[in-house]
Amino acid sequence: MKKNRLAAPDAAALQQLLARVASCTKDFLGYPVSKDFDYSPLLPFLQYPLNNLGDPFVPSTYGVGSREMEKEVVSFFADLFRAPENDWWGYVTNGGSEGNLYGLYLARELYPKGMVYYSEATHYSVQKNLHLLNMPGIIIRTLPNGEIDYDDLEHTISMNRHLPVIMLANIGTTMTEARDDVKRIKDILRKLAIRHHYIHADGALSGSYSAFLAPRPAFDFADGADSIAISGHKFIGAPIPCGVVVAKKSNRDRIARSVAYIGSMDTTITGSRNGHSPLFLWYAIKCLGVAGLEERARHSLAVAAYAVERLNENGIAAWRNRDAITVVFPDPPAAVRQRWQLASENGWSHLVCMPNVNRQQVDAFIATLTSMPAAI
Ligand SMILES: *Cc1c(COP(=O)(O)O)cnc(C)c1O
């Protein structure tokens, strides 16, 4: 496949797509995806078939990959999530959904008879994951802000005390960015004397910056989580969807299986694994460091506070959860939703103030909103 072999119409189609993608990226406030990255120093790697086949911590016979960088990425997040020393493991996934699938898979292997509990605000992928894993689950009510209803959780678990508890905690729900408090969940388990339990934290949305908030939300290993999944293309930003899952190594060891063909351990969901996405995440954390990530979180929080204030000034009943970068408001007219690519659910829409979103964009959004005759 040599360069410049495209027929003219195909080359034109590609150009057209490029222009459309660029223009759609500009007015994009409704999904939690950062767009302010520049990974051009990594372009030469597109010439190679990077594949981190198998376990990142066990070398493979297939040498064209980015394992070293992947290990550094996992180690960075294990540290940030206060994973137990010498008892952590993880890998770079294809996104938050795969990380959740992995956490639930580990939980099922540990507790095959376990019952999964998750709130009604949980991401749609979790139900699919449970279906794939053939795990039974119970949906728990949410409080008005989208956080799990702890009373309903306690009551429901108490009726199933004979079963191990597998808890899927949301660290930032999709619609309102509510965080389930892992410490409170742990307290409920203790109160009900549930010995066999597993807590997986779905941090796809805000897991990557919750560690920088003060007070620090209860979401990580030190708070009681057994595994945490985050998305890499959301808060950090990447051209390819990706994520990280961190789990306890001792748990992973129970499902590890050595495979001669790849010369590594079969510990991940997929066989071949994207070797480019670890490079993006590695590059981002090396360039930004903890201080840079913290700064991104601060910026996002400030813009979100600004958006709530401005929307309220304009008579729109916007609100956000504490320390959230997601701003929720009643559904605007379809034309506005389309222009700004706003998701909507049960009469609510949201803006996600990702690190690339600035006050000018918020102002421009509010201007289109207030110029619509039927706005709200
Ligand atoms: C985005 C998201 C997911 C899914 O993550 P992907 O990276 O899109 O696979 C899961 N849970 C929550 C809360 C999310 O916001």
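Residues numbered from 1 in each chain as written. Predicted model: local features only at pLDDT ≥ 70, side-chain atom pairs only at ≥ 80, totals over all residues. Heavy atoms only, no water.

Colleague: Looking at this structure, how should I read the nonpolar core?
Modeller: A general feature of soluble globular proteins is that nonpolar side chains tend to end up buried together. Within the largest apolar cluster, 79 residues are counted, with the highest numbers of intra-cluster contacts made by Phe77, Phe81, Leu153, Leu311, Val327, Phe329 and Phe365. If one sorts the elements of this core by residue count, helix α8 (residues 277–313) sits on top with 14 residues. The residues contacting Phe77, other than those within four sequence positions of it, are Ile230, Ile236, Val244, Val246 and Ile285. Core analysis: the next-biggest nonpolar cluster, separate from the first, contains 22 residues, Tyr91, Tyr111, Leu130 and Met135 among them. (Core = buried A, V, L, I, M, F, W, Y, C linked by side-chain atoms within 4.5 Å. Buried < 20%, exposed > 50% of the residue type's maximum accessible area, 1.4 Å probe, protein only. Helix = DSSP H or I, 4+ residues; strand = E, 2+ residues; numbered from the N terminus. Contact = heavy atoms within 4.5 Å.)

Colleague: Explanation requested: the site of the ligand in the structure shown.
Modeller: As a matter of local geometry, the ligand sits amid 13 residues, with Gly96, Ser97, Asp202, Ser231 and Lys234 nearest to it. Measuring from an oxygen atom of the ligand, one finds a side-chain N or O atom of Ser231 at 2.8 Å. A distance of 2.8 Å separates an oxygen atom of the ligand from a polar side-chain atom of Lys234. Relative to its free-state accessible area of 380 Å², the ligand is covered by the protein chains to the extent of 87%. With respect to the detected pockets, the ligand is housed in the largest pocket. Considering each element in turn, the shell around the ligand owes the most residues, three residues, to helix α3 (residues 96–110). (Near = heavy atom within 4 Å. Polar contact = N/O pair within 3.5 Å; in protein donor to acceptor, adjacent residues only side chain to side chain. Areas by Shrake-Rupley, 256 points an atom, 1.4 Å probe, with all protein chains shown as cover. 1 Å grid on protein atoms, 1.4 Å probe; cavity = no way out; pocket = protein on both sides within 12 Å on 5 of 7 lines; lining within 4 Å. Sits in = over half its atoms within 2 Å of the grid points.)

Colleague: So what exactly am I meant to see when it comes to the state of the cysteines here?
Modeller: Every disulfide links exactly two cysteines, by a covalent bond between their sulfur atoms. Applying the stated criterion across every chain yields a total of zero disulfides. Note on Cys353: no disulfide assigned, nearest cysteine sulfur contributed by Cys24 at a separation of 20 Å. Cys353 gets classed as buried once you look at its relative accessible area, which sits at 0%. (Disulfide = S-S within 2.5 Å.)

Colleague: Hey, could you run me through the UniProt feature "modified residue: N6-(pyridoxal phosphate)lysine" (unreviewed entry) in the chain in this one?
Modeller: In the UniProt entry, the feature "modified residue: N6-(pyridoxal phosphate)lysine" (unreviewed entry) is given for Lys234. On the secondary structure map, Lys234 appears in the loop between β6 (227–231) and β7 (243–247). When its relative accessible area of 15% is taken as the criterion, Lys234 is described as buried. Excluding its chain neighbours within four sequence positions, the residues that come into contact with Lys234 are Pro32, Val33, Ser34, Ala204, Leu205 and Met354. (UniProt positions renumbered as here; feature names shortened; annotations may be inferred.)

Colleague: Would you mind going over the packing of α8 against helix α10 (residues 359–371) with me for this structure?
Modeller: To characterise two packed helices, one gives the angle between the axes of the helices and the distance between these axes. Between α8 and α10, the least distance of the axes is 10 Å, while the angle of their chain directions is 25 degrees. Judged on the interaxial angle alone, α10 and α8 are roughly parallel. Pair α8 / α10 crosses with right-handed handedness. In this structure, α8 uses Ala302, Val303, Tyr306, Ala307, Arg310 and Leu311 to contact α10, whose residues at the interface are Arg359, Val362, Asp363, Phe365, Ile366 and Leu369. Tallied by class, the residues present in the contact of α8 with α10 amount to nine nonpolar, no polar and three charged. (Axes fitted to C-alpha atoms, helices over the stretch in contact; angles between N-to-C directions. Parallel < 35°, antiparallel > 145°, perpendicular 65-115°, else oblique. Left-handed = near helix turned anticlockwise from the far one by under 90°. Nonpolar A, V, L, I, M, F, W, Y, C, P; charged D, E, K, R; others polar.)

Colleague: Is there a simple way to explain the packing of helix α5 (residues 150–158) against helix α6 (residues 182–191) in this structure?
Modeller: For the pair α5 and α6, the least separation of the axes is 10 Å and the interaxial angle reads 30 degrees. Classified by the angle between their axes, α5 and α6 sit roughly parallel to one another. Between α5 and α6 lies a crossing of right-handed hand. Between α5, through Tyr150, Leu153, Glu154 and Ile157, and α6, the contact on the second element is made entirely by Arg184, Ile185, Ile188, Leu189 and Lys191.

Colleague: I tried to follow the sheet that holds strand β12 (residues 348–352) on my own but got confused; where do I start?
Modeller: Strand pairing within a sheet occurs via backbone hydrogen bonds; the two strands may be parallel or antiparallel. The antiparallel open sheet is built from three strands, whose spatial order is β10-β12-β11. Both outer strands of the open sheet, β10 (326–330) and β11 (344–345), are each paired with one neighbouring strand and no more. (Pairing = 2+ DSSP bridges.)

Colleague: Explain α10 to me, please; I cannot follow it from the model alone.
Modeller: Because each turn of an α-helix spans 3.6 residues, side chains separated by three or four positions in sequence point in the same direction. Over its 13 residues, α10 runs 18 Å from end to end, which matches the ideal 18 Å to within 8%, given 1.5 Å per residue. Inspection of α10 places Gln361, Val362, Phe365, Ile366, Thr368 and Leu369 among the buried residues, and these make up the whole buried set. Projection of α10 onto a plane perpendicular to its axis shows the buried side chains occupying an angular sector of 160 degrees, all on one side. Of the exposed residues in α10, those oriented more than 90 degrees away from the buried face are Gln360 and Ser371. Where α10 is buried, its residues meet α1 (8–26), α8, β10, α9 (334–339) and β12. Regarding α10, its N-cap is Asn358, as a side-chain oxygen of that residue lies 3.2 Å from the backbone nitrogen of Gln360 further along. (Expected span 1.5 Å × (residues − 1). Arc of directions from axis to C-beta.)

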